[in-house]
Amino acid sequence: MTRTRRLGAVIAIMVAVACAGTGCTVIPVTGPTTVNEAGSGDPLSKPFHRMIALPPDKSWNEEQTIRGLQAAMAAYADDPTVLPQYLTPEARAKWSASGPVTVVDDAFEVVPPPQSDELGPVEKVMLKGRWVARINEDDSYAPTEGQWDDYSVELVKSQGGGYLVSSLPNGLLLTNSDVARAYRPTNLYYVNGNSPNTLVVDRVRLRLKPTETYAQTILERLLKSPTSALQGAVTTSFPSGTKVQSIRSGEDRVVINLSGPLDPLDLSAEDSLRAQIRYSLNKNEIAKGRVIEIQVDGESYSVDRPDSDDDWLDATSDTAYYISKGAVHYMSKDGPAGSVPGPAGEEREGFQDFALSKDGGYVAARTSTGISVAALTQSGRWQEVMKGELTPPTWHRDGSLWTYDQRNSALLRYDPMSGKGPQRISSPKLTGLDVTRLRIARDGVRVAITTGQNTVQIGALTGGAAGIMLGNVHALTTIEGGTSIIDVAWGDDEHLLVLVRSKAGQVLNEINVGDGEIEGVPLKEPLVSVAAVNDRVLAEAKTDKSNQIMELSQDRQSWTTKIESGASTPLFPLG
């Protein structure tokens, strides 16, 4: 049967749409279970399209065989029986699907050997295109850049016609469309290792499965370790060996039945376990507005109601501040609102790079000799707490102040309540790097690090209070030469604003630190600095007349001037 007739038969039988390329069809899948229209109406599953791969056809040429092989890789997780049919017995014995998933642009090119070459029994075919991303074995998604041109497949002619694959790299090769169709960006929530009453988000790409609901896929993954970016920085409330036995829904509730070493009479971990489940479902648009009942071996363990009032996610104040002639001022929704009390609200020279502690209790600033701190009270006074060639200060949610000593290559932490001087914190991955800025996220775990003029890296504070260190450092973005990073600011616990200057002008990007997804923010005027908290973004803009404080609209499309002159450096607590 020809490819056309075969596809036509499958479409007629499956009532499906044919996918672009050779050797597959795509059918819609809604999952085995959905909740009814009562309550919030959202399903436990997300509709998606499942790819049905076809075995190789004896009439196919080299390119058709390769594209059929790639389609079989896209369907491998749902049906692993088709792909081996493309392989010789020797290749089947050697090839493994394990390892990172390579994601390439849809328009990848299949390059057969030149016709001028004297073709032997084995033909080497090259695949070229744009490398989009890598999905690691821990389900983390890592964007990549540049050309993808080192992937080769060896083909041999099959008895009776067509080709088989005799050699190929290990791991699955998916296109961008394959990932968009079968995977979902998913936020999981783990317990902060240094602050057990808060949660930390971990973003992964989860493959949707026709055999289970999206809710079950989420919870099954939540029972596993976090991604490498958060290893050692977060914990979980689920004892090892916990399993998801079932998830079912009624008119107003979702019932999750767990099994394992959870003791229904020991409620010490009840609150955090309930929070992990609720946020991991609700933040992915699952079971929103519904009661979530958690059972252990069929017995009720905990009930979480949609109107529960808690602070498991960061609740930092969105009170805005700004600087005028070295004095710290409050800023209302409409503009200036007066200076803060005490010396911090008085004009002074030589202070820059201001930072506010959680809830605005303290302000820190960099000077020519180090970093000084003042309480925002009438009796507060400026006191130099760290000396040296230091990066701009950044506050941790626990009340400690951090900076990097550039001359001595040392990460420093100062606790105003300890009565002691700054302590050195282990940061081996920063050794030898030109660290220019640190920004601790409001979750108290992630740290944005700018190195040189054009690189942003993300690390995590790991190890707990006794042996805390900055680890898990990895690159988030590197901009081209001739450009420089002006400022960075945390919007929320997973989004970082990065302000970049180039010869062509400025760019403000919001980057999801979990998967590297970038959303551009339009600019009206050149910016000097940015500050953000949740949905609010403020910036110092440089105009022809003076510097202004501007605020970004909620739809992220326009800016409104809040203070027309005499103001600089907008601030929010932390971030």
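Residues numbered from 1 in each chain as written. Predicted model: local features only at pLDDT ≥ 70, side-chain atom pairs only at ≥ 80, totals over all residues. Heavy atoms only, no water.

Draft legend 1. Seen up close, the sheet that holds strand β13 (residues 234-235). Reading across from one edge, β12-β11-β13 is the order of the three strands in this open sheet, with antiparallel pairing throughout. The open sheet has two free edges, formed respectively by β12 (199-207) and β13, since each of these has just one partner strand. Bridging between strand β11 (residues 183-192) and β12 involves nine bridges; their strand directions are antiparallel. Considered in β12, the bridge of L188 is made with D202. Of the strands in this sheet, β11 and β12 are in contact with helix α6 (residues 270-282), which crosses β11 at around 160 degrees. (Pairing = 2+ DSSP bridges. Helix = DSSP H or I, 4+ residues; strand = E, 2+ residues; numbered from the N terminus. Contact = heavy atoms within 4.5 Å. Axes fitted to C-alpha atoms, helices over the stretch in contact; angles between N-to-C directions.)

Draft legend 2. Expanded view of the side chain of E270. Within the secondary structure, E270 sits in helix α6. It is R274 that comes nearest to the buried, bridge-free E270 among opposite-charge side chains, at 4.4 Å. Within the structure, E270 has its side chain in polar contact with the side chain of S302 (distance 2.7 Å). The residues contacting E270, other than those within four sequence positions of it, are Y301 and S302. (Buried < 20%, exposed > 50% of the residue type's maximum accessible area, 1.4 Å probe, protein only. Lys, Arg positive; Asp, Glu negative; His and termini not counted. Salt bridge = Lys/Arg side-chain N within 4 Å of Asp/Glu carboxyl O. Polar contact = N/O pair within 3.5 Å; in protein donor to acceptor, adjacent residues only side chain to side chain.)

Draft legend 3. Spotlight on the confidence of the model for the protein. With 91% of its residues at a pLDDT of 70 or more, the protein has an overall mean of 88. In this model, residues 1-18 is a region of pLDDT below 50 whose contacts with residues beyond four sequence positions or in other chains number 26 contacts. (pLDDT = per-residue confidence, 0-100.)

Draft legend 4. Spotlight on the sheet that holds strand β37 (residues 527-533). Pairing is antiparallel in the open sheet, where four strands are placed in the order β37-β38-β39-β40. Both edges of this open sheet fall to β37 and β40 (559-563), since each of them pairs with a single strand only. Averaged over all adjacent pairs, the angle separating strand axes in this sheet is 30 degrees, with direction ignored. In terms of strand pairing, β37 meets strand β38 (residues 536-542) through six bridges, oriented antiparallel. The residue of β38 that forms the bridge with A531 is L538.

Draft legend 5. Here's a closer look at α6. Here α6 spans 18 Å end to end across 13 residues, near enough to the 18 Å set by a 1.5 Å rise per residue. Inspection of α6 places E270, S272, L273, R274, A275, Q276, I277, R278, Y279, S280, L281 and N282 among the buried residues, and these make up the whole buried set. Lining the buried residues of α6 we find β11, β12, α5 (214-222), β15 (253-259), β16 (291-296) and β17 (299-304). (Expected span 1.5 Å × (residues − 1).)

Draft legend 6. View of the environment of Q457. As for its placement among the helices and strands, Q457 is situated in strand β31 (residues 455-462). Taking the relative accessible area as the measure of exposure, Q457 reaches 13% and is therefore buried. As a C-alpha pair, Q457 and A475 span 18 residues in sequence and 4.2 Å in three-dimensional space. Once you skip the residues sitting within four places of it in the chain, Q457 turns out to touch L433, V447, A448, I449, T451, V473, H474, A475 and L476.

Draft legend 7. Examining helix α2 (residues 62-74) more closely. If you check α2, its first and last C-alpha atoms are 19 Å apart, about what 13 residues at 1.5 Å a residue would give, namely 18 Å. Burial of α2 is extensive: ten of the 13 residues sit out of reach of the surface. Listed in full, the buried residues belonging to α2 are E62, T65, I66, G68, L69, Q70, A71, A72, M73 and A74. The opening residue of α2, the one whose side-chain oxygen lies 3.1 Å from the backbone nitrogen of E63, is N61.

Draft legend 8. Broad picture of unusual backbone geometry. Its identity is not glycine, yet D297 carries a phi of approximately 55 degrees, on the positive side. Inspection of the secondary structure puts D297 in the loop between β16 and β17. Looking at D297, the relative accessible area reads 52%, which means it is exposed. Phi is positive for S409, close to 50 degrees, though the residue is something other than glycine. With respect to the helices, strands and loops of the structure, S409 is situated in the loop between β26 (401-405) and β27 (410-414).

Draft legend 9. Highlighting the packing of α5 against α6. One can describe the packing of α5 onto α6 by two numbers: an axis separation of 10 Å at closest approach and a directional angle of 135 degrees. Compared by their axis directions, α5 and α6 come out oblique. Of the two possible hands of crossing, α5 and α6 adopt the one that is right-handed. Across the interface between the two elements, A215, I218, L219 and L222 of α5 pack against Q276, I277, S280 and L281 of α6. In terms of residue class, the contact of α5 with α6 is built from six nonpolar, two polar and no charged. (Parallel < 35°, antiparallel > 145°, perpendicular 65-115°, else oblique. Left-handed = near helix turned anticlockwise from the far one by under 90°. Nonpolar A, V, L, I, M, F, W, Y, C, P; charged D, E, K, R; others polar.)

Draft legend 10. Structural detail: the side chain of R536. Mapped onto the fold, R536 is located in strand β38. Reaching out from R536, the side chain makes a polar contact with the backbone oxygen of D318 at a distance of 3.1 Å. Separated by 3.0 Å, the side chains of R536 and E551 make a polar contact. Setting aside anything within four residues of it in sequence, one finds R536 in contact with D318, A320, K333, A531, E551 and F572.

Draft legend 11. Region of the structure containing the pairing of β15. Of all the seven residues making up β15, six are buried; the element is thus mostly covered by neighbouring parts of the structure. Note: strand β14 (residues 243-249) against β15, six bridges, orientation antiparallel. Counterpart to K243 in the pairing with β15 is S259. Turn length for the β14-β15 hairpin, with the two strands adjacent in sequence and antiparallel, is three residues. Pairing analysis gives six bridges linking β15 to β16, with the strands arranged parallel. Residue pairing for β16: V255 is matched across the bridge by E293.

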